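Working through the structure, step by step
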Amino acid sequence: IFFAKVTRVASHAQVLFSDAIIVKYGTGIVGVDPKHDDDSEEEESMGAPEVDINVFRYKRSTLPCPFLEFRVVNRLHSQRGGEIIDASMNIVASIDEEQAALALRNAAKSQPRRRGRKGKRRSRVSTKSRADVDDETDLTDEASIRRLQESAQSVVDSHKKATEMEEDPTGRLLPKRIFAKLEVNSMEHPFFKRVWIVRHILDHNSPLLKQEAKELVRLNGGHWPLELNSADAVRASFHFDQILVSLSGTSNVDANNVYAQKVYDFVDVCVGYSFCNMLFRQDDGSIGVDPTLLNDVKEQIGGGGEDLNKKEDREVPIFIL
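A word on the overall build of the protein. Broken down by element type, the protein carries nine helices and 18 strands. The burial tally for the protein puts 42% of its 321 residues in the buried class. Taking contacts inside the protein between residues at least 6 apart in sequence as the whole, the part at least 24 apart equals 71%.

Set out below in structure tokens:
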């Protein structure tokens, strides 16, 4: 029993996850607040073609899509041999079936029918919104074909990453949940020593983004629409029940496999904020880490952060600088 307890403690990775997930958007990413009132500046900054949609003129945006971010700090950053070798993360989002986007929901439902006929699956891939059809009337044939291929590929990719789980057969007590793997900027870290920053882009390929927001992103050529460029609009554009993070790697001290897990809820999201820097230069010239700043956030460049004081049900304290 004592050996089992020691082994369990030794297999736990000495890392700390941030308690909050921040979401940057608009000026927090580009660093410049676009001027929409001045026509000359709008043409120079946006430089996007106009599209006819149901009589009115629609100006496409070139704003980058928001991204959500969390970070992990190595508690043994100051010790020799405290690194984690070949560290990797597996990140899965748990989404209620009612909140899941249409493409992701159809992919999850069609997963058990891999051995069925292929004709019906082709018809699902060709299903598109009215906005997409109207948008393609202004494009060339080659661009239309390329867009069809990208749309089909996104459905195929979602089909591979989505899994539907059912706990309640009646569906009255517990809704069906869809588990989708999140693609991040760095799934692996060969030499995790100090801080690991993980980001997921909320674009049309993200399983967290709602179907309406995905259509607007596609309409803007993969860019974030100006209509959703606010903290409330960004929060309303995506949803998840939980994000499950699993970290694994090899300890550089004793070469044992180490693991760590973290579960994020939707209430842990802070829209329009950025993390404070944890790194600093020590007197001897080396790089130090201040773990006390792990959960410290500040409003993103250009402002636009939501009011965190309204979140009375937040269980974990978030320090705002």
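For the rest of this paragraph, the subject is empty space enclosed by the protein. For the structure shown, the criterion picks out two cavities of 30 Å³ or more. Roughly 30 Å³ of volume is contained in the second largest cavity. As for the second largest cavity, its lining consists of L68, F70, I91, L182, V184, R199, H200 and I243. Each residue belonging to the lining of the second largest cavity can be placed in one class, and the counts come to six nonpolar, one polar and one charged.

All right, on to the packing of aromatic side chains then. Taken as a whole and judged by the stated rule, the model has five aromatic pairs. Measuring from ring centre to ring centre gives 5.5 Å for F192 and W196, while their planes differ by 65 degrees; the resulting arrangement is edge-to-face. The two residues F192 and W196 agree in class, both being buried. Ring centres of F240 and F266 lie 5.2 Å apart, and the angle between their planes is 80 degrees; on these two criteria the pair is classed as edge-to-face. Taken together, the residues span a long stretch of sequence, with F240 in the loop between α9 (231-237) and β11 (242-251) and F266 in the loop between β12 (257-265) and β13 (269-271) at a distance of 26 residues. On the basis of relative accessibility, which here comes to 1%, the residue F240 falls in the buried class. F266 sits in the buried class, given a relative accessible area of 17%. A network of ring pairs unites the aromatic residues F238, F240 and F266 as a single cluster. Above the ring of Y264, the side-chain terminus of K262 is found at 5.4 Å from the ring centroid.

Glancing now at the pairing of strand β2 (residues 21-24). Covered by surrounding structure in β2 are I21 and V23 together with I22 and K24, the residues of both alternating faces. Bridge count for β2 against β13 is three bridges, and the pairing is parallel. Within β13, the residue paired with I21 across the bridge is V269. Relative to strand β5 (residues 67-74), β2 is paired through three bridges, and the arrangement is antiparallel. Counted as the bridge partner of K24 is F67 from β5.

With that settled, consider helix α8 (residues 211-219). Listing the buried residues of α8 in full gives Q211, A213, K214, V217, R218 and L219. The positive-phi residue at the C-terminal boundary of α8 is G221, with phi of around 70 degrees.

Our next topic: the confidence of the model for the protein. Residue-level pLDDT values for the protein average 75, and 60% of them are 70 or greater. In the model, residues 34-56 has pLDDT below 50 throughout and makes 34 contacts with residues more than four positions away in sequence or in other chains. Considering only residues more than four positions removed or in separate chains, one finds that residues 116-141, a stretch of pLDDT under 50, has 28 contacts.

Let us now look at the pattern of salt bridges. Oppositely charged side chains may form a pair once their charged atoms are brought near each other. Counted according to the given criterion, the structure contains three salt bridges. In this structure, D19 engages K262 in a salt bridge whose closest nitrogen and oxygen atoms are separated by 3.3 Å. One end of the pair, D19, is in the loop between β1 (15-17) and β2; the other, K262, is in strand β12, and 243 residues separate them in sequence. In this structure, R199 engages E69 in a salt bridge whose closest nitrogen and oxygen atoms are separated by 2.6 Å. With R199 in strand β10 (residues 195-201) and E69 in strand β5, this pair connects stretches of sequence that are 130 residues apart.

Moving on, we get to the environment of S78. Note that S78 resides in the loop between β5 and β6 (84-96). With relative accessibility at 63%, the residue S78 sits in the exposed group. Each C-alpha atom of the pair S78 and R194 lies 8.4 Å from the other, and the pair is 116 residues apart in sequence.

One can find H200 in strand β10. Of the residues examined, H200 reaches a relative accessible area of 5% and is grouped as buried. Looking at H200, its side chain comes within polar contact range of the main-chain oxygen of E183, at 2.7 Å. In contact with H200, other than residues within four places in its own chain, are P66, F67, L68, L182, E183, V184, S206, P207 and L208.

What counts and how
Residues numbered from 1 in each chain as written. Predicted model: local features only at pLDDT ≥ 70, side-chain atom pairs only at ≥ 80, totals over all residues. Heavy atoms only, no water. Helix = DSSP H or I, 4+ residues; strand = E, 2+ residues; numbered from the N terminus. Buried < 20%, exposed > 50% of the residue type's maximum accessible area, 1.4 Å probe, protein only. Contact = heavy atoms within 4.5 Å. 1 Å grid on protein atoms, 1.4 Å probe; cavity = no way out; pocket = protein on both sides within 12 Å on 5 of 7 lines; lining within 4 Å. Points joined across faces, edges and corners; volume = space filled by probe spheres on them. Nonpolar A, V, L, I, M, F, W, Y, C, P; charged D, E, K, R; others polar. Phe/Tyr/Trp six-rings, centres within 6.5 Å; stacked < 30°, edge-to-face > 60°. Lys NZ or Arg CZ within 6 Å of the ring centre and 35° of its normal. Pairing = 2+ DSSP bridges. pLDDT = per-residue confidence, 0-100. Salt bridge = Lys/Arg side-chain N within 4 Å of Asp/Glu carboxyl O. Polar contact = N/O pair within 3.5 Å; in protein donor to acceptor, adjacent residues only side chain to side chain.

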